[in-house]
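# Summary of structural features
This is what each chain is made of:
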Amino acid sequence: MDSLEGVLRLAGWILGWLFGWPLGLFRRWLDRQPHRDPSQISSLERFGRLALGVSLTLCILLPLGWLIFK
C-alpha cells in the first residue's frame, strides 16, 4: 500500500507542476498588465479579453464534458 501511495503522490506532484507552472507564468504576466477601466480599452482589447475567456472556458468544459458524457 505504501508504494501505491508514493506513486499517487508523485503523480500528483507531476500533474501539479505541469498545470501549475504555466498558470503561474500567466498569473505573473497578468499582474504586470496595467489596471484600466473597461471604458478606456479599445475594441480590439475587448475582443481579445473575450476570446481569452471563451478559450479558457472551452479548455476546461470540453474535456470535462467528454469525461462525464463519454
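About the criteria used
- Residues numbered from 1 in each chain as written.
- Predicted model: local features only at pLDDT ≥ 70, side-chain atom pairs only at ≥ 80, totals over all residues.
- Heavy atoms only, no water.
- Helix = DSSP H or I, 4+ residues; strand = E, 2+ residues; numbered from the N terminus.
- Buried < 20%, exposed > 50% of the residue type's maximum accessible area, 1.4 Å probe, protein only.
- Areas by Shrake-Rupley, 256 points an atom, 1.4 Å probe, with all protein chains shown as cover.
- Lys, Arg positive; Asp, Glu negative; His and termini not counted.
- Charge placed at Lys NZ, Arg CZ, Asp CG, Glu CD.
- Salt bridge = Lys/Arg side-chain N within 4 Å of Asp/Glu carboxyl O.

Bringing the overall build of the protein into the picture now. When you go through the protein residue by residue, the secondary structure sums to two helices and zero strands. Taken along the three principal axes of its C-alpha coordinates, the protein extends 60 × 35 × 15 Å. By residue count, 3% of the 70 residues in the protein fall in the buried class. For the protein, the accessible surface area stands at approximately 6,700 Å², while carbon and sulfur atoms represent 73% of it. Distance from the positive charge centre (8 side chains) to the negative charge centre (5 side chains) of the protein: 7 Å.

Let us look at the pattern of salt bridges. Taken as a whole and judged by the stated rule, the model has three salt bridges. Among the ionic pairs, R27 bridges to D31, the shortest N-O distance being 3.4 Å. Of the two residues, R27 and D31 both sit in helix α1 (residues 2-32), four residues apart, roughly one turn of that helix. One salt bridge connects R36 with E45, and the closest N-O pair in it is separated by 2.8 Å. In this structure R36 comes out as partly exposed when scored by relative accessible area, which is 36%. For E45, a relative accessible area of 31% corresponds to the partly exposed category.

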